[in-house]
Structures are given as structure tokens and as C-alpha cells.
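Below, each chain spelled out in residue letters.
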Amino acid sequence: MPFAFFFLESEGFAGLKKGIRARILETVVMLVLLALLILGIVWVASALIDNDAASMESLYDLWEFYLPYLYSCISLMGCLLLLLCTPVGLSRMFTVMGQLLVKPTILEDLDEQIYIITLEEEALQRRLNGLSSSVDYNIMDLEQELENVKTLKTKLERRKKASAWERNLVYPAVMVLLLIETSISVLLVACNILCLLVDETAMPKGTRGPGIGNASLSAFGFVGAALEIILIFYLMVSSVVGFYSLRFFGNFIPKKDDTTMTKIIGNCVSILVLSSALPVMSRTLGITRFDLLGDFGRFNWLGNFYIVLSYNLLFAIVTTLCLVRKFTSAVREELFKALGLHKLHLSNTSRDSETSKASANGHHKAL
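Given the structure is predicted, the values throughout are model-derived calculations rather than measurements.

A.B. asks: Can you tell me about the overall build of the chain, naming the residues and giving the values?
C.D. replies: Helix and strand counts for the chain stand at twelve helices and zero strands. Listing the helices and strands of the chain from first to last along the sequence gives α-α-α-α-α-α-α-α-α-α-α-α. Going through the 367 residues of the chain one by one, you find that 33% of them count as buried. Across the chain, the fraction of contacts at a sequence separation of at least 24, relative to all contacts at a separation of at least 6, is 72%. Put simply, the chain shows about 23,200 Å² of open surface, and 66% of that area lies on carbon and sulfur atoms.

Shown next, in the form of C-alpha cells:
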């Protein structure tokens, strides 16, 4: 990834003939300088944190200590990023699945909604055909509104064509499954917090399992091990969804025919950091007892009781708050409207309704 980034930014040193060879030479020099910079930063950090002769001597062992130590630092940063992404992703999974699946039609007349949206589409199309560049109306805004209307019409037609099984069975089953997986994850973290308080062997540092095939990883046998695998994959997907849901990383989302190579490299680096930290997070939270850490489980921060306990507490609290905020959003909106606080822009719905575009008949309409 660093080579790809520096190669894209390189132009070749001054005085050399421009070409691929000059760009590769500049990229290699930049990589060497970057390696020296990271070596110095880690060396200084190790001297500040653990200033003794043994730690300084161990840094001379590049392969056995320095590279695993560097990987442990990257995993630590990834774990902190997962602490933000995963709770947000667990709450966002309900919205994402709701957009992908067809919702049940309860007290809704889809034919009437399609008829209304068709009339609005025709009205917008006639207005666009009758406008010229000298008219005060912004043609770009009308085209964007027409595109939104067509998208909404497509969704309504998809809901109408969906079978009764897909509408009334698949959507509730998926929502219940997501709720069960999320609840089990939070319960496992809560149990792990209790185990940390009463049993020091629950610490992730230096834990060694009985080995693959010698004993079951779970007290529930095959079913428990399968559940752990499902939960780890669920956390993986939720962390990716939560990563792209954060405001700071929202611009990282790839777009068709509009994604630069630099943004692609940034996405690859982000996914690699998250994937390297996922095994550490799964073992730290007590999702599984399997030794996913390997030789990296011997570092000090994994054996620090207060760091591990704080990580578990923060994960449980933030996840619970995100879920409560998600499932009580409708109640909050109604309370804001009843108290007249929606005029103070305290909710997303009020902002969306006030910024909605004028429809074909000149009135504000929220569909």
C-alpha cells in the first residue's frame, strides 16, 4: 500500500530521465526514509514507555521483536478504531438491511402511492421541458428532484412486485436475527466483564487453548463454536458498515466511475487495519476463547487489567447507547414535535422536512 501511494505521487528526481524507472527509484527511496522514520518513532516511544536496558536491547532484534511490536501497535490503533465503528455498525445494520429488503405493507396502499409519484414525475418532466436557461428556476435542482422521484418510484414498484413471503416473512425474520445476534454479543461482553473481575485467567494475554481438535472451544460444543464463528463474522460486517457510517470516513465510500486511486488505497489500508485488529478485539471482548493472537498476545497492553476492562466496559456502554438511540428515535421525534422543539433543528426529520424541495404543484411535500 505505501509503495502504491508513493508510486502514484512520484515524478522522478530532478536531473533524471522521466519514466517508470525514475518513478520506481523515487518510490524506493521514499519507502526507505519512511521505514527509518517509523523505526525512530517506535524506538523513542519504547524508550519513553519502558525505559530499561532489556527493552532497548530487544529492539535490536528486528525480526523476533521489532516487527511483532510494530504490528501490535497497529492492532492497538485498529482496536481503538473498532471501538468506534462496531457499536455504530451494530445499530446501522438494521437500517442497512431495511434498505436492502422489502418491508411489509401494513395499512399502505402502494397503488395510490405509485399513482401520486407518477403524477409528480410527469409534472416535473413537463416543467423541465418548458424551461429555458433564462428562467429563474434552477434546472439542476429540478433534475435532481426528478431523479429522486424516479428512485422512489422504482422502490415502490419493487415493493409491489415482491411476493407475500418476501414481504411478510423475510424482513421480520432478518430483523429478529439481527436483534438476537446483537443481544448475544452484548451479553457475552457483559459476562466477560464479570469474568475479568473474578478470574484473572480471563485476561487475553498469554492464553493458550488446548489446541485444535483436542477439546471444544465452547462449553456448548459444536453449537457454541458455530455461534462464535457467526458472531465474529457479524462483528466484521458491522465494523465495516460502522466505519463508512462515521462522518469522518463518509467520503471514503467508493463511487462508481468517480473513485480516485488514492481513495482506493485508503480504503484498502482501512480494511487491512480493521481486519488485523478484529482477532484481538474478539479475544479481548471474550467472544471466543480461541487463541487468535498468536505470538502477539505476549505484549504488555494485552495483560493490563485496567485497559482490557475499560475496553469491555466502553464497548458494552457505547453499543447499548447506540441501540437505545436507534430504537427510540421515533419516540424522540414525536416528543420534539409535541413540545415544539422540532423548530430548533434538534432532529434529522425536522431538518429534512424544512429543506425539502417544492413539488410540482408548488407545495412542500414529504413522501
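That covers the picture; the talk isn't over yet.
A.B. asks: Provide a residue-level description of the layout of surface pockets, including the pertinent values.
C.D. replies: Roughly 1,000 Å³ of internal volume is contained in the second largest pocket. Lining the second largest pocket are 31 residues, and of these Pro 2, Ile 38, Ile 74, Val 269 and Val 273 sit closest to its centre. At the level of elements, α1 (2-9), α2 (20-49), α4 (62-100) and α9 (261-284) are the ones that each hand at least two residues to the lining of the second largest pocket. For the lining of the second largest pocket, the element with the highest residue contribution is α2, accounting for nine residues. Grouping the amino acids of the lining of the second largest pocket by side-chain chemistry returns 27 nonpolar, four polar and no charged.

A.B. asks: An account of the UniProt feature "transmembrane region" (unreviewed entry) in the chain is requested, with residue identities and associated values reported.
C.D. replies: The positions UniProt marks with the feature "transmembrane region" (unreviewed entry) are residues 27-49, 69-90, 169-199, 219-244, 264-281 and 301-324. Counting secondary structure, residues 27-49 comes out at 100% helix and 0% strand; the distance between its end C-alpha atoms is 33 Å.

A.B. asks: Please provide a residue-by-residue account of the nonpolar core, values included.
C.D. replies: Across soluble globular proteins, you tend to see nonpolar side chains buried next to one another. Counting residues in hydrophobic clusters, the biggest one holds 38 residues, and the most contacted among them are Val 189, Met 281, Leu 285, Ile 287 and Tyr 311. The element contributing the most residues to this core is α4, with eight residues. Not counting the four nearest positions on each side in its chain, Leu 285 is found in contact with Leu 188, Val 189, Asn 192, Tyr 311, Asn 312 and Phe 315.

A.B. asks: Residues and numbers for a nonpolar patch on the surface, please.
C.D. replies: Where nonpolar side chains cluster on the molecular surface, the patch consists of Phe 3, Phe 13, Leu 16, Ile 20, Ile 24, Leu 25, Val 28, Val 29, Met 30, Val 32, Leu 33 and Leu 36 and spans about 1,000 Å² of accessible area. For the nonpolar patch, the element with the most residues is α2, which contributes nine residues. Inspection of the secondary structure puts Ile 24 in helix α2.

A.B. asks: For unusual backbone geometry, give the residues involved together with the corresponding values.
C.D. replies: Look at Asp 257: it is not a glycine, yet its phi comes out positive at around 60°. Its location among the elements puts Asp 257 in the loop between α8 (222-245) and α9.

A.B. asks: Give a description of the packing of α8 against α9 that names residues and reports values.
C.D. replies: It is the contact of α8 with α9, at a shortest axis distance of 11 Å, that shows an interaxial angle of 140°. Considering their axes alone, α8 and α9 lie oblique with respect to each other. The two elements α8 and α9 meet at a crossing, and its hand is right-handed. In contact with Ile 232, Leu 235, Met 236, Ser 239, Val 240, Phe 243 and Tyr 244 of α8, α9 contributes Asn 267, Ser 270, Ile 271, Leu 274, Leu 278, Met 281 and Ser 282. Taken together, the residues of the contact of α8 with α9 sort by class into ten nonpolar, four polar and no charged.

A.B. asks: Could you give me a rundown of helix α10 (residues 305-327), with the residues and numbers involved?
C.D. replies: Relative to the 33 Å expected for 23 residues at 1.5 Å per residue, α10 spans 33 Å between its end C-alpha atoms, a close match to the ideal helical length. Along α10, the positions that sit buried rather than exposed are Val 308, Leu 309, Tyr 311, Asn 312, Phe 315, Ala 316, Thr 319, Cys 322 and Leu 323.

A.B. asks: So what's going on with the packing of α1 against α2? Residues and values would help.
C.D. replies: Close contact between α1 and α2 brings their axes to 9 Å; oriented N to C, the two are set at 130°. On the basis of the axis angle, α1 is oblique to α2. The handedness of the crossing between α1 and α2 comes out as right-handed. Across the interface between the two elements, Pro 2, Phe 3, Phe 6, Phe 7 and Leu 8 of α1 pack against Ile 20, Arg 23, Ile 24, Thr 27, Met 30, Leu 31 and Leu 34 of α2. Tallied by class, residues from the contact of α1 with α2 come to ten nonpolar, one polar and one charged.

About the cut-offs
- Residues numbered from 1 in each chain as written.
- Predicted model: local features only at pLDDT ≥ 70, side-chain atom pairs only at ≥ 80, totals over all residues.
- Heavy atoms only, no water.
- Helix = DSSP H or I, 4+ residues; strand = E, 2+ residues; numbered from the N terminus.
- Buried < 20%, exposed > 50% of the residue type's maximum accessible area, 1.4 Å probe, protein only.
- Contact = heavy atoms within 4.5 Å.
- Areas by Shrake-Rupley, 256 points an atom, 1.4 Å probe, with all protein chains shown as cover.
- 1 Å grid on protein atoms, 1.4 Å probe; cavity = no way out; pocket = protein on both sides within 12 Å on 5 of 7 lines; lining within 4 Å.
- Points joined across faces, edges and corners; volume = space filled by probe spheres on them.
- Nonpolar A, V, L, I, M, F, W, Y, C, P; charged D, E, K, R; others polar.
- UniProt positions renumbered as here; feature names shortened; annotations may be inferred.
- Core = buried A, V, L, I, M, F, W, Y, C linked by side-chain atoms within 4.5 Å.
- Patch = residues over 30% accessible without salt bridge, like charges linked within 9 Å, V, L, I, M, F, W, Y side chains within 5 Å.
- Salt bridge = Lys/Arg side-chain N within 4 Å of Asp/Glu carboxyl O.
- Axes fitted to C-alpha atoms, helices over the stretch in contact; angles between N-to-C directions.
- Parallel < 35°, antiparallel > 145°, perpendicular 65-115°, else oblique.
- Left-handed = near helix turned anticlockwise from the far one by under 90°.
- Expected span 1.5 Å × (residues − 1).

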